[in-house]
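# Close look at the chain arrangement
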Amino acid sequence: MTKLAQWLWGLALLGSTWAALTMGPTLGLELPLTCREVLWPLPAYLLVTVGCFALGTVGYRVATFNDCEGAALELQTQIQEARADLARKGLRF
């Protein structure tokens, strides 16, 4: 099962549970008023939570990104070689 399928199954499970609980009175399930007050904005809370998690994950990955010093030096030498080759062919920088 792919990661997308796992997320979609989890979202479907949470969404169906939320829908069943919010439609409680029509299904014969009576929840206290405090639970219903918390239940209605729950998707917005979950969306904000997932957004914060995603932002934190991206920030962590950027902060711990590995530098490839060997590849950077190789690229710089290739750039210098290309500039020298183009300069021999008459291109001015």
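Residues numbered from 1 in each chain as written. Predicted model: local features only at pLDDT ≥ 70, side-chain atom pairs only at ≥ 80, totals over all residues. Heavy atoms only, no water.

### Thoughts on the overall build of the protein chain
To keep it simple, the criterion reads: What counts as a helix is a DSSP run of H or I of at least four residues, what counts as a strand is a run of E of at least two, and both are numbered from the N terminus. Only C-alpha atoms enter the radius of gyration; for comparison, a globular chain is expected to reach 2.2 Å times N to the power 0.38, where N is the number of residues. Accessible surface area values rest on a Shrake-Rupley calculation with a 1.4 Å probe, where residue burial reflects the displayed protein chains alone.
In terms of helices and strands, the protein chain carries 5 helices and 0 strands. Compactness check: the protein chain gives a C-alpha radius of gyration of 27 Å against a globular reference of 12 Å for 93 residues, more than 25% above the reference. Taken along the three principal axes of its C-alpha coordinates, the protein chain extends 85 × 25 × 25 Å. If you sum the accessible surface of the protein chain, you get close to 8300 Å²; carbon and sulfur atoms cover 70% of it.

### So, a nonpolar patch on the surface
Here is the rule we go by: A patch consists of residues whose relative accessible area exceeds 30% and which take part in no salt bridge; residues with like charges are grouped when within 9 Å of each other, and nonpolar side chains (Val, Leu, Ile, Met, Phe, Trp, Tyr) when within 5 Å. Between Lys or Arg on one side and Asp or Glu on the other, a salt bridge is scored when a side-chain nitrogen of the former is within 4 Å of a carboxyl oxygen of the latter. We call a residue buried when its accessible area falls under 20% of the maximum for its residue type, exposed when it is over 50%, and partly exposed in between, using a 1.4 Å probe and counting protein chains only.
The grouping of L14, L42, Y45 and L46 at the surface amounts to a nonpolar patch, some 370 Å² of accessible area in total. No other element matches helix α4 (residues 42-63), which puts 3 residues into the nonpolar patch. Mapped onto the elements of the fold, L42 is located in helix α4. By relative accessible area, L42 is classed as partly exposed at 30%.

### Re α4
Filter applied, for reference: By this rule the span expected of a helix is its residue count minus one, scaled by 1.5 Å.
Helix length check: α4 (22 residues) gives 31 Å between terminal C-alpha atoms against 32 Å at 1.5 Å per residue, within 8%. Counted residue by residue, α4 has 0 buried out of 22 residues, so it is predominantly exposed.

### Observations concerning the environment of E81
Looking at the secondary structure, you find E81 in helix α5 (residues 69-88). Taking the C-alpha atoms as reference, E81 lies 44 Å from F53; in sequence the two are 28 residues apart.

### Regarding the side chain of T22
Our working definition: Definition of a polar contact: a pair of N or O atoms within 3.5 Å, with one able to donate and the other able to accept a hydrogen when the atoms are protein atoms, and with sequence-neighbouring residues admitted only if both atoms are side-chain atoms. Should any heavy atoms of two residues lie within 4.5 Å, those residues are considered in contact.
The topology assignment puts T22 in helix α1 (residues 3-22). On the accessibility criterion, T22 (15% relative accessible area) is buried. A polar atom in the side chain of T22 sits 3.1 Å from the backbone oxygen of A19. Those residues in contact with T22 that lie beyond four places of it in its chain are L39 and W40.

### Side note on the pattern of salt bridges
This structure, assessed with the given rule, holds 3 salt bridges. Ionic pairing is found between E30 and R36, a salt bridge with its closest N-O pair at 3.6 Å. We classify R36 as partly exposed; its relative accessible area is 27%. Between D85 and R88 there is a salt bridge, with its nearest N and O atoms 3.1 Å apart. Of the two residues, D85 and R88 are both situated in helix α5; the distance of 3 residues between them amounts to about one turn of the helix.

### Here we look at the UniProt feature "signal peptide" (unreviewed entry) in the protein chain
We apply this condition: UniProt positions are given in the numbering used here, feature names are shortened, and annotations may be inferred rather than shown by experiment.
Per the UniProt entry, the sites bearing "signal peptide" (unreviewed entry) are residues 1-19 in this numbering. Spanning residues 1-19, this segment combines 89% helix with 0% strand, and its end C-alpha atoms are found 26 Å apart.

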